[in-house]
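One-letter residues, chain by chain:
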Amino acid sequence: MFKRSFSEEHRARSSAFRAEWLRLLGLFIALLTLWGALTACSDDTQRRFSTLPAFLRLTPVSAAPALRNAVSNPGSWCLLTYDARQYLLTALGGGTASSLPRTALEAYGRPQSIAGFLVGVASVPAFDGTFPVVAYDAVCPVCYNADNIDQPEHVVCTRCSRTYDLANGGIPLKVPDDGRRNTHLFRYRAAYTPAADVFLVQN
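All of the points below concern the structure found in this document. It should be emphasised that the depicted structure is a prediction, and the values quoted were computed from it without experimental measurement.

By the definition in use, this model includes 2 aromatic pairs. With a centroid separation of 5.9 Å and 75 degrees between ring planes, the pair formed by phenylalanine 117 and tyrosine 188 is classed as edge-to-face. In this pair, phenylalanine 117 is assigned in strand β5 (residues 117–121) and tyrosine 188 in strand β10 (residues 187–188), connecting sequence segments 71 residues apart. The pair formed by phenylalanine 117 and tyrosine 188 is uniform in burial state, with each residue classed as buried.

Spelled out as structure tokens, the structure:
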């Protein structure tokens, strides 16, 4: 009688221990999966924007038709370059270039980029269903060639022949087999405020 009850008690404890161990293992796996998903999302968000410094504050946007069209209409893009005296704005895919003089007031916040900006609103909505204003540096991130304009929503570097998709995060679409690392275009944080008629890039 004593041996039988001890054996049954031992089996019951062993079964309860296994059940608790499996429950804790399942909880650990669930937490590990959740941590991995959150880490991957934050890593992706960090990589979406370049770590390079960039700045531009341009107003009034209404005085620059190519820029106004680019920040207001999905699928429209504008090349924005600058020198010490003026901004030069050109609609991608054709169109005439227009210029805006730089004022003395802008001297405190000089524009900063590698080769200017590719500005627009992608024709494909973001994951949240919105159409945010996007700004990329107008330079190839592989060979740093600035002469890369081809057509709306696709830009081609004339030096290394890489094609980038502006509507899809600046990813490389066509890549030559040259052994160099492929990377997205440098994207900066950008905003357009219609009420104030201001376009801002700040990274």
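There is more to say, and it comes next.
Time to look at the environment of alanine 126. For alanine 126, the position within the fold is in the loop between β5 and β6 (133–137). Taking the C-alpha atoms as reference points, alanine 126 and asparagine 168, 42 residues apart in sequence, are found 9.1 Å from one another.

Here the focus is the sheet that holds strand β3 (residues 86–91). Taken in spatial order, the 6 strands make up an open sheet running β4-β3-β2-β5-β6-β10, and their pairing is antiparallel. With one partner strand each, in any of the chains shown, β4 (98–101) and β10 form the two edges of the open sheet. Judged from the 2 bridges that link them, β6 and β10 form a sheet pairing that is antiparallel. Note on β10: the bridge partner recorded for alanine 135 is tyrosine 188. Sheet strands touched by helix α2 (residues 65–72): β2 (77–82), β3, β4, β5 and β6. Its angle to β5, the strand with the most contacts, is close to 50 degrees.

Strand order in this open sheet of 3 strands is β1-β12-β11, and the pairing throughout is antiparallel. Two strands lie at the open edges of the sheet, namely β1 (55–58) and β11 (190–193), each paired on one side alone. The mean inter-strand angle of the sheet, taken between neighbouring strand axes irrespective of direction, is 10 degrees. Where β11 and strand β12 (residues 198–202) come together, 4 bridges link them in antiparallel fashion. Bridged to threonine 193 within β12 is valine 198.

With that out of the way, let us pick up unusual backbone geometry. Look at the link from threonine 59 to proline 60: it is a cis peptide, with omega at 0 degrees. Its place among the elements puts proline 60 in the loop between β1 and α2. One non-glycine residue, serine 161, lies in positive phi territory at about 70 degrees. Along the chain, serine 161 falls in the loop between β7 (154–156) and β8 (163–165). Accessibility expressed as a relative area gives 46% for serine 161, which makes it partly exposed. Positive phi, close to 60 degrees, is recorded for aspartate 197, a residue that is not glycine. Topologically, aspartate 197 is positioned in the loop between β11 and β12. The class for aspartate 197 is buried, based on a relative accessible area of 15%.

Attention now goes to the environment of valine 71. Tracing the chain through its elements places valine 71 in helix α2. Classification of valine 71 as buried rests on a relative accessible area of 7%. Between the C-alpha atoms of valine 71 and valine 134, which are 63 residues apart in sequence, the distance is 8.3 Å. Look past the residues within four positions of valine 71 in its chain and what remains in contact with it is Val61, Val119, Val121, Val133, Tyr192 and Phe199.

What follows covers α2. Among the residues making up α2, those that are buried are Ala66, Leu67, Ala70 and Val71. One side of α2 holds all its buried residues, which, seen down the axis, span an arc of 120 degrees.

So, on to the side chain of arginine 187. Mapping arginine 187 onto the fold places it in strand β10. Overall, arginine 187 belongs to the buried group, its relative accessible area being 12%. Leaving out residues up to four positions away in the same chain, arginine 187 has contacts with Arg48, Phe49, Ser50, Val134, Ala135, Tyr136 and Asn203.

Reading the values: rules and limits
Residues numbered from 1 in each chain as written. Predicted model: local features only at pLDDT ≥ 70, side-chain atom pairs only at ≥ 80, totals over all residues. Heavy atoms only, no water. Phe/Tyr/Trp six-rings, centres within 6.5 Å; stacked < 30°, edge-to-face > 60°. Helix = DSSP H or I, 4+ residues; strand = E, 2+ residues; numbered from the N terminus. Buried < 20%, exposed > 50% of the residue type's maximum accessible area, 1.4 Å probe, protein only. Pairing = 2+ DSSP bridges. Contact = heavy atoms within 4.5 Å. Axes fitted to C-alpha atoms, helices over the stretch in contact; angles between N-to-C directions. Arc of directions from axis to C-beta.

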